[in-house]
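As a plain string of letters, each chain reads:
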Amino acid sequence: MTFCISRRSFLQGLSALVVGFRFDGALATELLTPDRSVEQMQKSLDVRQLDAWLAIRQDGQVIVYSGKVELGTGVETALRQIVAEELCVLFESTVLIQGDTQLTPDQGITAGSKTIQVGGAQLRRAAASARQYLLDEGARRMGLDKSMLDTIEGCVIYRGDPSGRYVRYTDLLTGGAFDSPVGESFSIRESKNYRIVGQSVPRVDIPAKVFGQFRYVHDLSVPGMVHGRVIRPPITGASRLDGLKIENLDASELPAGARLIYEGNFVGVVAEQEWVAMQAARALKVTWSYTSTLPNPGDLYDRLRHVAGKPEVLIEYGDVSEHMGQAAHVISAEYRWPFQNHDSIGPSCAIADVRADSATIWSGTQGVYPLRSALADLLRLDREAVHVIYSQASGCYGHNGADDAAGDAALLSKYCGRPVRVQWSRADEHGWNPKGPAMLMQLQGGMNASGDLIAWHFQNWTPTHVTRPNAKAGAASLLAGQLSQGLVVQGPNAGGDRNAVVNYTLVNCRVETHWIDPLDSPLRPSALRGLGAVANTFANESFMDELAWAASVDPLAFRLRYLQDPRGRVVLETVVQQARWTPRSMSRRRWTGELAQGRGVSYVQYENENAYVAVVADVAVSLAGVRINRITVAHDCGLIVNPDGVRNQIEGNVIQATARTLKQEVTFNPTGVTSLEWGAYPVLAFHELPEIDIVLIDQPDQPSVGAGEATSAAVPAAIANAVFDATGLRLRQVPLTRERLTEAMQT
Amino acid sequence: MSMHVLIVNDTTYEIDVDPRTPLLYVLRNDLGIISPKFGCGLSECGACTVLADGRPVRACCVPVGSLASQKIVTVEGLGTPERPHPLQQAFIDEQAAQCGYCIPGMLMSAQALLAQNSSPTDEQVRQALAGNLCGCGTHIRIVKAIQRAAGIMRREEGRP
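Everything numeric in this text was worked out from a predicted model, so none of it was measured.

Glancing now at the overall build of chain B. Tallying secondary structure elements over chain B gives six helices and five strands in all. What you see in chain B, going N to C, is helices and strands ordered as β-β-α-β-β-β-α-α-α-α-α. Scaling as 2.2 N^0.38, a compact globule of 160 residues should have a C-alpha radius of gyration of about 15 Å, and chain B matches this with 16 Å. Taken along the three principal axes of its C-alpha coordinates, chain B extends 50 × 35 × 25 Å. Going through the 160 residues of chain B one by one, you find that 54% of them count as buried. Contacts in chain B between residues at least 24 apart in sequence constitute 59% of all its contacts with a sequence separation of at least 6.

Below, the discussion takes up the overall build of chain A. Helix and strand counts for chain A stand at 20 helices and 26 strands. Here the C-alpha radius of gyration of chain A, 27 Å, is about what a compact globule of 747 residues would show, namely 27 Å. Counting only C-alpha atoms, chain A reaches 80 × 80 × 45 Å along its principal axes. Looking at chain A as a whole, 58% of its 747 residues are labelled buried.

Moving on, we get to the sheet that holds strand β3 (residues 49-52) of chain B. Within a sheet, adjacent strands bond to each other through the backbone by hydrogen bonds, running parallel or antiparallel. Residue and element names in this part refer to chain B. The mixed open sheet is built from five strands, whose spatial order is β2-β1-β5-β3-β4. Two strands close off the open sheet at either side, each with one partner strand: β2 (11-17) and β4 (55-58). Between one strand axis and the next, the sheet turns through 40° on average, direction left out of account. The pairing of β3 with β4 spans four bridges and is antiparallel. The residue bridging leucine 51 from the neighbouring strand is proline 56, located in β4. Of the strands in this sheet, β1 (2-8) and β2 touch helix α1 (residues 23-30), which is tilted by about 105° from β2. The strands touched by helix α4 (residues 103-116) within the sheet are β3 and β4, with β3 carrying the most contacts at an inclination of about 35°.

This part covers the packing of helix α3 (residues 86-93) of chain B against helix α6 (residues 139-156) of chain B. All names here are of chain B. Running from N to C, α3 and α6 cross one another at 135°; their axes reach a closest spacing of 8 Å. With respect to α6, the axis of α3 lies oblique. Judged by the sense of rotation from one axis to the other, the crossing of α3 with α6 is right-handed. Between α3, through Pro86, Leu87, Ala90, Phe91 and Asp93, and α6, the contact on the second element is made entirely by Ala145, Ile146, Arg148, Ala149, Ile152 and Met153. Across the contact of α3 with α6, the residue classes break down as nine nonpolar, no polar and two charged.

Listed as interface residues are 45 residues of chain A and, on the opposing side, 47 residues of chain B. Broken down by secondary-structure element, the contributors of at least two residues to the side of chain A that touches chain B are α7 (206-210), α8 (274-283) and α18 (643-662) of chain A. Ranked by residue count, the leading element in the side of chain A that touches chain B is α18(A), at seven residues. For the side of chain A that touches chain B, a count of residues per class yields 20 nonpolar, 15 polar and ten charged.

On to the domain arrangement of chain B. All names here are of chain B. Along its sequence, chain B is organised into domain 1 (2-77) and domain 2 (79-156). Computed from C-alpha coordinates alone, the two centres of domain 1 and domain 2 are separated by 21 Å. Contacts between domain 1 and domain 2 engage 14 residues on the former and 13 residues on the latter. Among the secondary structure elements, those contributing two or more residues to the side of domain 1 that touches domain 2 are β3 and β4. In terms of residue count, β3 provides more of the side of domain 1 that touches domain 2 than any other element does, three residues in total. Residue classes in the side of domain 1 that touches domain 2 are distributed as eight nonpolar, four polar and two charged.

Residues and elements named next belong to chain A. For strand β20 (residues 509-516), a buried count of six out of eight residues is recorded, marking the element as mostly surrounded by other parts of the structure. Bridge count for strand β12 (residues 311-317) against β20 is six bridges, and the pairing is antiparallel. Within β20, the residue paired with proline 311 across the bridge is histidine 514. Where strand β19 (residues 453-463) lies against β20, eight bridges are found, and the strand directions are parallel. Looking across to β20, one finds that glutamine 459 is bridged to glutamate 512.

So, on to the UniProt feature "domain: Aldehyde oxidase/xanthine dehydrogenase a/b hammerhead" (unreviewed entry) in chain A. When the UniProt feature table is mapped onto this chain numbering, "domain: Aldehyde oxidase/xanthine dehydrogenase a/b hammerhead" (unreviewed entry) sits at residues 211-295 of chain A. Within the segment residues 211-295 of chain A, helix and strand shares are 12% and 33% respectively, and the terminal C-alpha atoms sit 47 Å apart.

Another aspect to go through is the environment of Val615(A). Residue and element names in this part refer to chain A. On the secondary structure map, valine 615 appears in strand β22 (residues 612-622). Between the alpha carbons of valine 615 and alanine 634 there is a distance of 6.5 Å; along the sequence they are 19 residues apart. With residues near it in sequence (within four places) discarded, valine 615 still touches Val575, Ser602, Ile631, Thr632, Val633, Ala714, Val715 and Ala718.

Further remarks concern α6(B). If you check α6(B), its first and last C-alpha atoms are 26 Å apart, about what 18 residues at 1.5 Å a residue would give, namely 26 Å. Considering only its buried residues, α6(B) is in contact with α18 and β26 (691-696) of chain A together with α3, α4 and α5 (122-128) of chain B. Backbone geometry just after α6(B) places Gly158(B) at a positive phi near 75°.

A few words on the confidence of the model for chain B. In low-pLDDT segments, the atomic positions of the prediction should not be examined closely. Looking at chain B as a whole, the pLDDT averages 96, with 99% of positions reaching at least 70. Overall fold confidence (pTM) sits at 0.95, and the ipTM for the predicted complex is 0.98.

Moving on to the environment of Lys71(B). Residue and element names in this part refer to chain B. As for its placement among the helices and strands, lysine 71 is situated in strand β5 (residues 71-73). Its 15 C-beta neighbours within 10 Å are what place lysine 71 among the partly exposed residues. When neighbours within four sequence positions are excluded, lysine 71 is seen to be in contact with Ile7 and Asp53.

This paragraph deals with unusual backbone geometry. Residue and element names in this part refer to chain A. Note the cis peptide between valine 734 and proline 735, where omega equals 0°. Structurally, proline 735 can be placed in the loop between α19 (710-727) and α20 (738-746). One non-glycine residue, arginine 580, lies in the positive phi region at around 50°. Mapping arginine 580 onto the fold places it in the loop between α17 (566-578) and β21 (596-605).

Each pair of packed helices can be summarised by the angle the axes make with each other and by the distance between the axes. Residues and elements named next belong to chain A. Two elements in contact, helix α11 (residues 368-379) and helix α12 (residues 402-416), have axes whose closest approach is 10 Å; the angle formed by their N-to-C orientations is 30°. Between α11 and α12, the crossing angle belongs to the class labelled roughly parallel. Judged by the sense of rotation from one axis to the other, the crossing of α11 with α12 is right-handed. Where α11 approaches α12, its residues Leu371, Ala374, Leu375, Leu378 and Leu379 are matched on the opposing element by Asp403, Ala406, Gly407, Ala410, Leu411 and Lys414. Taken together, the residues of the contact of α11 with α12 break down into eight nonpolar, one polar and two charged.

All names here are of chain A. The strand order across the open sheet built from four strands is β21-β22-β23-β26, with neighbouring strands paired in mixed fashion. With one partner strand each, in any of the chains shown, β21 and β26 form the two edges of the open sheet. Between one strand and the next, the sheet's axes are offset by a mean angle of 15°, whatever the strand orientation. Note: β22 against strand β23 (residues 625-636), eleven bridges, orientation antiparallel.

Across soluble globular proteins, nonpolar side chains have a tendency to be buried as a group. The biggest cluster of nonpolar side chains holds 281 residues, and the ones touching the most others in it are Leu375(A) and Val723(A). A per-element tally of this core places α19(A) first, with twelve residues. Lining this core are residues from two domains, each supplying at least three of them: domain 1 (2-77) and domain 2 (79-156) of chain B. Residues contacting Val723(A), with those up to four places away along its chain left out, are Gly598(A), Val619(A), Val621(A), Val626(A), Leu729(A), Leu731(A) and Leu736(A).

About the cut-offs
- Residues numbered from 1 in each chain as written.
- Chains lettered and ligands numbered in written order.
- Predicted model: local features only at pLDDT ≥ 70, side-chain atom pairs only at ≥ 80, totals over all residues.
- Helix = DSSP H or I, 4+ residues; strand = E, 2+ residues; numbered from the N terminus.
- Rg over C-alpha atoms; globule rule 2.2 N^0.38 Å.
- Buried ≥ 20, exposed ≤ 12 C-beta atoms within 10 Å, placed from the backbone.
- Contact = placed C-beta atoms within 7 Å.
- Pairing = 2+ DSSP bridges.
- Axes fitted to C-alpha atoms, helices over the stretch in contact; angles between N-to-C directions.
- Parallel < 35°, antiparallel > 145°, perpendicular 65-115°, else oblique.
- Left-handed = near helix turned anticlockwise from the far one by under 90°.
- Nonpolar A, V, L, I, M, F, W, Y, C, P; charged D, E, K, R; others polar.
- Domains from an automatic or database assignment.
- UniProt positions renumbered as here; feature names shortened; annotations may be inferred.
- Expected span 1.5 Å × (residues − 1).
- pLDDT = per-residue confidence, 0-100.
- Core = buried A, V, L, I, M, F, W, Y, C linked by C-beta atoms within 7 Å.

What follows is the structure, encoded as structure tokens:
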């Protein structure tokens, strides 16, 4: 069935738009640029212009244009709160248009917990600047001095006039547009006057989601659309697709109505009916030859060490070698983090309509502009001829298959001359999406005779965490480009050094990262929630714990010795108060598998300059494995825009990070990824839920920083430290499975 | 292909389809009922859960030919924005969604549970949702929302 929406019904309200349904760009531009026709203007995309960010319709509706998109984290609501607050309009009068290369400014990718921190700040600045513009216009129109005016609910008002002289914003704009740059200087409203920011405004997207009316990219349909599936080679998920060659392609069993499409090693089928396309994908017999470059699973961490390049020294002060040499105690430890996956319940999906000289693509991508560059290269079209429209997908938490599915759909559409919808299978997503990289962390700490930490040496081995689409990589960043044109995955060294450096005040310290080229990573690496911060903080905060126990000091007290940042101390002190922390002391008894309770603490300042998080984990350990009873979090992300939204994010972080710490490991053998469904690579189940206790520390006078990832970095070490507290066993390899626990018990 | 009668949300449809086609594709592509989601095609994740004669079934696997004369209910048949089902209202009140992709399946599994047991314990709720996966980590809110709805439904039916 094709879902059609008439122009008339669209004009009757923007509600259709709120649920994420989109049209061809020209129509959308005409409709969404208030009171102007396409002929008269092109929607401004210049970030220096107010019109790139905001427009006010004649009916008072404020349109917010955001290049940062709603991935399911609640930012659609929070960004509207920010604009409504700063522009002095009702929250209900705002609407957000997101992620569209013809309508929204280029704000890069929606990632790194930066939507409120960066995108929100940009919109706040635009809204504040727009308010100044309206005050200036109001003053001119009313013949009054600007200082006598104020703004309220979409009007400029004269404060000194009891009869309430006012002029509406809509009457101050020509055709709803500002035609003015974003100002250099403008006043931002004081946080003590906030009415909308700081409130738990209910999320605008949830009602449509519970009534089954929300249209994800999976639910879109365009006229003439056919269904496509891609048939993948062996060596599932490998970075190198070396020596890959199709030896034989037998389409004799293809069901009626299905069509085979291939270019190079890219093989797909299309059919009118989705079920027929699925059967066709199964009926197609492809024989491949290939060379496996994947290590045996047991050799993964050795491989990482061996393929790494020269280390990059991230920070160095004092003389580590000398003081390590003089230390009374030197402690060393090595921590391991596996390849991990994205947990998107809906596998990636995209629709592409590729014509001879243009293309329109609907995608759940985290970056419509970077994807546009990659697709233009793949399709050999001008960038401007490619229109990418964001449509929400299942929660992604990083670079999952969304961009690749768009590439698949684009290539199939190019060859079949029809719009194509590609829906990845579960095995496609578990197997072929880029993986959060495996990492190896080595730490060495030196203490003097009084138990003071006098030397700290951290090094890690990590593939880059960023092989996302970008203009430079072009089609090489898409599986479709890699398979059809033999291009190879690439990316700058990034992400693996995140939070490698600790925020403790240390006297002699060296931190270095051994980068691994993406092509040398066994599995194709890219961004997964928190990037390297999660593994690095697992290592750093486990090691702080090891040092504390070695010095016979309570792990909390040990951290506070070296933590000077007052906001950092506050989150740590808050979390331990909330969790009723009592100083830990070592049981001398050797753990033999009986049920044991333990608690651990962990602290991080995300990216060394953003949100402060401290976590206490309460665990129960038995021969059945590790169970998390309770996670207590204290969290300071500056000014909180939407407290319930932040809580929802923290809960999600805790639950996902618990799964990552206890359960999740992408398994593979020399022929590729073997964990291809939820049994082999699970998420946390309902019966495994910890209780979660969250304390939010609001800082109304501090800038808002991201809340989408920070907690994920702090949770793993808190759990591992609690396991040690319970059992005396130090588990240094994630996931902390029952098998690893038993193994540690026996050695 | 052959003709099949399907009763979905109290509407009777006659469709010409291969009887082996899983219900999910008929609902989504032929009938335009989009709340059941494709998640795994393996009956593992529950995103496609619908009710067939009151039983939760995984639409991604159950062949449409096996459902003759059974009453299928999806989220669209639970309630509407004007007349929300208590479960839908409770999910809104508890803000029990992040990306929301799993939510239709959660709602249908919860509806099947509450039809059998109007006063479930948290443990029973978690048990009933054992076959529904959430990747965003909204679990705690989902359990709370189901308990809130259960309370409202008990009050509406005059039970304690």
